[in-house]
Amino acid sequence: VDITLESGYSVSARLGQLDMLEQKTEQALTLTVYQRQATASVSTTDFSHGGLTTLMDKAKSLVSCTQEDPYAGLADKSRMAFEYPDLDLNHAWDLSTADAIQLAINMDTIASTHDSRIISCDSCDISTSTFNCYYANTHGFIGYYPYSIHHISCAVLAQDDNGKQQHGDFDVHCDPEALCDVKSLALSVAEKTCQKLSPRKIKTQRCAVLFAAPVSRGLLSCFFSAINGHSIYREASFLCGALGQQVFPDFVSITQQPHVKRVIHSAPFDAEGAKTCAFPVIEKGCFHQYICDSYSARKLGCKPTGSAGGLHNVIVSDSNLTLTDLFREMGTGLFVTELMGQGINILTGDYSRGASGFWIENGELQFPVSEVTVAGNLRDMFSHVVAIGNDIDRRGNIKAGSILIESMMVAGG
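Residues numbered from 1 in each chain as written. Predicted model: local features only at pLDDT ≥ 70, side-chain atom pairs only at ≥ 80, totals over all residues. Heavy atoms only, no water.

**Re the packing of helix 2 (residues 97-112) against helix 3 (residues 182-195)**
For the record, the criterion: Angles here are taken between N-to-C directions and fall from 0 to 180 degrees, while the axes themselves are lines fitted to C-alpha atoms, restricted in helices to the stretch in contact. Secondary structure elements follow DSSP: runs of H or I no shorter than four residues count as helices, runs of E no shorter than two count as strands, and numbering proceeds from the N terminus. Less than a right angle of anticlockwise turn of the near helix away from the far helix marks a crossing as left-handed, whereas a clockwise turn marks it as right-handed. In what follows, residue pairs with any heavy atoms lying within 4.5 Å of each other are defined as contacts. Under the convention adopted here, Pro, Cys and the residues Ala, Val, Leu, Ile, Met, Phe, Trp and Tyr are nonpolar, Asp, Glu, Lys and Arg are charged, and Gly plus all remaining residues are polar.
Packing of helix 2 against helix 3 leaves a shortest axis separation of 8 Å and a crossing angle of 35 degrees. Classified by chirality, the crossing of helix 3 by helix 2 is right-handed. For the pair formed by helix 2 and helix 3, the contact residues are Leu103, Met107, Ile110 and Ala111 on the first element and Val182, Lys183, Leu185, Ala186, Leu187 and Ala190 on the second. By residue class, the composition of the contact of helix 2 with helix 3 is nine nonpolar, no polar and one charged.

**Overview of a nonpolar patch on the surface**
So the rule is basically this: Residues forming no salt bridge and having over 30% relative accessible area are the ones grouped into patches, like charges within 9 Å of each other and nonpolar side chains (Val, Leu, Ile, Met, Phe, Trp, Tyr) within 5 Å. Only the protein chains shown count as cover for residues, with accessible areas throughout obtained via the Shrake-Rupley method and a probe of 1.4 Å. Salt bridges are defined as contacts in which a side-chain nitrogen from Lys or Arg sits within 4 Å of a carboxyl oxygen from Asp or Glu. For every residue, the accessible area obtained with a 1.4 Å probe (protein chains only) is divided by the maximum for its type, and the residue is called buried under 20%, exposed over 50%, and partly exposed between those limits.
Together, Tyr84, Tyr134 and Tyr144 give the surface a local cluster of nonpolar side chains, amounting to about 250 Å² of exposed area. Residue position: Tyr84 is located in the loop between helix 1 (49-63) and helix 2. For Tyr84, a relative accessible area of 30% translates into the label partly exposed.

**Some words on the pattern of salt bridges**
A complete count under the given rule lists 13 salt bridges for this structure. Among the ionic pairs, Arg117 bridges to Asp115, the shortest N-O distance being 3.0 Å. Overall, the relative accessible area of 34% leaves Arg117 in the partly exposed class.

**Comments concerning the nonpolar core**
Proteins that are soluble and globular tend to have nonpolar side chains buried together. We apply this condition: By convention a nonpolar core is built from buried Ala, Val, Leu, Ile, Met, Phe, Trp, Tyr and Cys residues, the set being connected through side-chain atoms within 4.5 Å.
If you look at the biggest cluster of nonpolar residues, it comprises 64 residues, and the most contacted ones within it are Phe211, Phe223, Phe224, Phe248, Ile254, Val281 and Tyr351. Residue contributions to this core peak at seven residues, all from helix 4 (residues 213-226). Those residues in contact with Tyr351 that sit more than four places away from it in its chain are Phe211, Leu219, Cys222, Leu339, Gly343, Ile344, Val374, Ala375, Gly376, Leu378, Met381 and Met408. The next biggest cluster of nonpolar side chains, apart from the first, holds 26 residues, and it includes Met107, Ile118, Cys121 and Ala158.

**Overview of the pairing of strand 13 (residues 350-361)**
Formally: Pairing between strands is defined by DSSP: at least two bridges between the two strands are required.
For strand 12 (residues 333-340) and strand 13, the ladder comprises seven bridges, and the chain directions are antiparallel. Of the residues in strand 13, the one forming a bridge with Phe335 is Phe358. In terms of strand pairing, strand 13 meets strand 14 (residues 364-377) through eleven bridges, oriented antiparallel. Counted as the bridge partner of Trp359 is Phe367 from strand 14. The antiparallel hairpin formed by strand 13 and strand 14 contains two residues in its connecting segment, where Asn362 sits at a positive phi of about 50 degrees.

**Notes on the environment of Gln166**
Definition in use: Residues adjacent in sequence count toward polar contacts only when both atoms are side-chain atoms; beyond that, a polar contact is any pair of N or O atoms within 3.5 Å, and within protein one must be able to donate a hydrogen and the other to accept it.
The topology assignment puts Gln166 in strand 6 (residues 163-173). Each C-alpha atom, one on Gln166 and one on Ala190, is 9.5 Å from the other, the two residues being 24 residues apart in sequence. Residues in contact with Gln166, not counting those within four places in the same chain, are Asp122, Ala155, Val156, Leu157, Thr193 and Lys196. Within the local environment of Gln166, its side chain forms a polar contact with the side chain of Asp122, the two groups lying 3.4 Å apart.

**Focus on the sheet that holds strand 9 (residues 279-283)**
Reading across the sheet, the five strands line up as 10-9-8-11-16 and stay open at both edges, with mixed pairing between neighbours. The sheet terminates laterally at strand 10 (286-287) and strand 16 (398-399), the two strands that pair on one side only. With two bridges joining them, strand 9 and strand 10 adopt antiparallel strand pairing. Note on strand 10: the bridge partner recorded for Ile282 is Phe287.

**Side note on the packing of aromatic side chains**
The criterion, for reference: Between the rings of Phe, Tyr and Trp (Trp by its six-membered ring), a pair exists once the centres lie within 6.5 Å; its type follows the angle of the planes, with under 30 degrees stacked, over 60 edge-to-face, and the other angles tilted. A ring has a charge above it when a Lys NZ or an Arg CZ is no more than 6 Å from the ring centre and no more than 35 degrees off the ring normal.
Evaluated as defined, the whole model comprises 19 aromatic pairs. Centre to centre, the rings of Tyr71 and Tyr295 are 6.3 Å apart; their planes meet at 80 degrees, and the pair counts as edge-to-face. Of this pair, Tyr71 sits in the loop between helix 1 and helix 2 while Tyr295 sits in helix 6 (residues 294-300); the two residues are 224 residues apart in sequence, bridging distant segments of the chain. Judged by its relative accessible area of 31%, Tyr71 falls in the partly exposed class. Here Tyr295 falls in the partly exposed class, since its relative accessible area comes to 21%. Joined through ring pairs, the aromatic side chains of Phe82, Tyr84, Phe131, Tyr135, Phe141, Tyr145, Tyr147 and Phe269 make up one cluster. Above the face of the Phe367 ring, Arg200 is positioned so that its terminal group lies 4.2 Å from the ring centre. A cation sits over an aromatic face here: Arg395 above Phe170, 4.1 Å from the ring centre.

Dropping the structure here:
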């Protein structure tokens, strides 16, 4: 049985006034039944006695019609997190809705008045939520932990004689005290939006490509999709058979560290109630571990990684270089700050996505670039990583800095 309760609110300001106020109170329960290794899952938001009785009847009816699977079943009892740490993930934000509305309006005002080229704020949002997560199964495990998510964001639209550009950014944390200042966020968004005005096209060429930290996380998520146990046992990954091989340069290490306190995406147990633990995925560039829940681990004949339901706080090593250092290291090339489209084939590793950003020459920003496509093969891209910056984006479950790749095909206008 998996139960999640959420409560909180979100506000949005636009054009100097309240645009939206939403109060959130949500609940969800999922019941998963195993019968002779046949499986059925049913969900509900109705917690009444009648609703739960109906839920159980539906689960029993469905499981009787489901084909048995020898790999299905609960995670092994020996892996249950009967003892787990308090990770200090729940921190209330003492901010009334009235104060949140005023804060969002202030952010909107700061961003929209920073530069005459800014024509409007698309939105300035503030939200806060508290989650209570429960998991129990017939191994006798009952687990519970609360966590909070506090979020601020700002997006603006700017215009000059050559057209319009939009840019947005955000911050998120379990502790509101760790959020960036709304004024700093608004000014940063306004400045970066204006920097994108009057973009140029570049000729088609092979060149160095630097993925900014906020988009490098998406690049690394391709790697984790490729090493997910479900992709591996289906033989639907370009990294099938790569266990033990060199995938990254030897200066790259990647670890899951799920017990870091007061950090969003840490977790004391996974979606199966299994213990989460630190383990290396990449050590000195060498690929060590598929990411497996109990089902995929049984299919592959390997150990589960306590990652059911997703990755928990993945840390990527860096080269102790600032973003400015990476510009100098690159010399000339494309600095990618935004990616569009879904041109990724995990089976073959082929990678092709629309991009925008800035052209770099002699280690310095020259002009904004738009309407280009960056393309390569992920296996080749990972093996030709030149450096990873220390400008780590800590907002997602993959925490990494900007990634410099030696050479990719860049298709321009």
